[in-house]
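Commentary on secondary and tertiary structure
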Amino acid sequence: MLGAVQVKKVAAVHDLSGVGRVSLMMVIPILSTMGFEVCPLPTAILSNHTQYPTFSFLDLTDEMIKIVKAWKELNAKFDTIYTGYLGSSRQIHVVQDFIADFRQKDTLVVVDPVLGDNGKLYANMTDEMVKEMHSLAVRADVVTPNLTELFYLLDLPYKTQCTDEEIKDYLKRLSDKGPEISIVTGVPVLGDTKKTSVYAYSRFNDQYWKVTCSYLPAHYPGTGDAFASVVTGALMQGDSLPLALDRATQFILQAIRATFGYRYDSREGILLEKVLPNLNLPIQSCSYELI
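Summarised in this report is the structure supplied together with it. Because the structure is predicted, anything quoted here is derived from the model rather than measured.

**Comments concerning the packing of aromatic side chains**
Within the structure shown, the criterion is met by nine aromatic pairs. With a centroid separation of 5.9 Å and 90 degrees between ring planes, the pair formed by Phe151 and Tyr158 is classed as edge-to-face. The exposure class assigned to Tyr158 is partly exposed, which follows from its relative accessible area of 35%. Cluster of aromatic residues (ring-pair linked, three or more members): Trp71, Phe78, Phe98 and Phe102.

The structure is reproduced here in C-alpha cells:
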C-alpha cells in the first residue's frame, strides 16, 4: 500500500547502563543508524557497567513480564528479536516465553549468549546460568558467542590455540543443536599474535566463513555488543552472512582505531559516536574468505 511504513522493528532484550557504552547504549544507536526501530525490553538498569568497581543495579524481571503483557495487548509485531545480557535463570525463561509468543514465520531471532570472556565466566554467572543459556541458544536463528562462550555452550574445555578445522567442527556442533547460523568472535590466529579472526557457519548452505583483521592490544567493554548489533542490522538489510561478518569486523576495528590514540578511560568503551556514520558508507572492500 502506498505510504505504508517500511521501517523494520527490533525487540532488543538487553540491560541499560548509564555510564559506559555497552548493551542498549550500543544496540540502539547502531541499529537506529542502520535504519531500524529499536524497541527495548530492558533486563536491568545499572548506573554503569559491571567492569567498574562499584555500580547500582535494578533488576527488571518483574517489569519485563508487564512489558511483554502490554505488548501482547497491543498486538505488537517484531521483525527481529535480539537478546544479550541476561541476569538470572528466571529472565532467561521470560525471554524464552517471549520468543515463543512473538516469533512469526519470518522473524529473525539473534542470541548473543553473554556468559564470560578470557576462559572464565563473568562474576555473576553460574553453572545453572550456562545450562539455561544452552536452552535459549538452541532457539536462535543466529548465535554469536565469543571463544569462551562457545566452549561453555559445547561443554568443552577452553583453549585459545585452535586450527580452522577445529573451529569449523565446534561451529557445526553448535549449529546442530538448533541455530541456523553460528558465529564465534575473538579467535587468536595461530602463530600471529597481531591478528584475530571471526568465524561463521551457515547450516542452510553448509558453508564456513572467516574474516581476519589486526589485533590491537586494548580492551573496550561493549565491542561484543557492537559486533552482534552490526551483524544483526546487516542481515536485516539483506546482506549475505560473509558480508555481514565483514562489515561488523571492520566496524569494530575502525572504532578501536578511532579510540586507541586518546588518553581515555577504556572502561567507557569505544568512541562509538566517531564511527557511527561509517555504517552507511558504501562497501569499499571485503576480506572474508570461504574455508
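Still to come is the rest of the account.
**What to know about the pairing of strand 11 (residues 181-189)**
Relative to strand 11, strand 10 (residues 142-143) runs parallel, the two being bridged by two bridges. Residue pairing across strands places Val142 opposite Ile181, the latter belonging to strand 11. Pairing of strand 11 with strand 12 (residues 192-202), which is carried by seven bridges, proceeds in the antiparallel orientation. For Ser182, the partnering residue across the bridge sits in strand 12 and is Tyr201. Counted between consecutive antiparallel strands, the loop separating strand 11 from strand 12 contains two residues, among which Gly191 sits at a positive phi close to 80 degrees.

**Some details on the side chain of His134**
With respect to the helices, strands and loops of the structure, His134 is situated in helix 4 (residues 127-137). Excluding its chain neighbours within four sequence positions, the residues that come into contact with His134 are Tyr152, Leu153 and Asp155.

**A few points about the pattern of salt bridges**
The full count for this structure, using the stated rule, is 14 salt bridges. A salt bridge links Lys72 to Asp101; the nearest nitrogen and oxygen atoms lie 2.8 Å apart. Of this pair, Lys72 sits in helix 2 (residues 61-74) while Asp101 is found in helix 3 (residues 89-102), placing the two residues 29 residues apart along the sequence. Judged by relative accessible area, which is 47%, Lys72 ranks as partly exposed. Overall, the relative accessible area of 45% leaves Asp101 in the partly exposed class. For Asp239, the salt bridge identified is with Arg247, shortest N-O distance 2.5 Å. Taking relative accessible area as the criterion, Arg247 reaches 18% and is therefore assigned buried.

Criteria and thresholds
Residues numbered from 1 in each chain as written. Predicted model: local features only at pLDDT ≥ 70, side-chain atom pairs only at ≥ 80, totals over all residues. Heavy atoms only, no water. Phe/Tyr/Trp six-rings, centres within 6.5 Å; stacked < 30°, edge-to-face > 60°. Buried < 20%, exposed > 50% of the residue type's maximum accessible area, 1.4 Å probe, protein only. Pairing = 2+ DSSP bridges. Helix = DSSP H or I, 4+ residues; strand = E, 2+ residues; numbered from the N terminus. Contact = heavy atoms within 4.5 Å. Salt bridge = Lys/Arg side-chain N within 4 Å of Asp/Glu carboxyl O.

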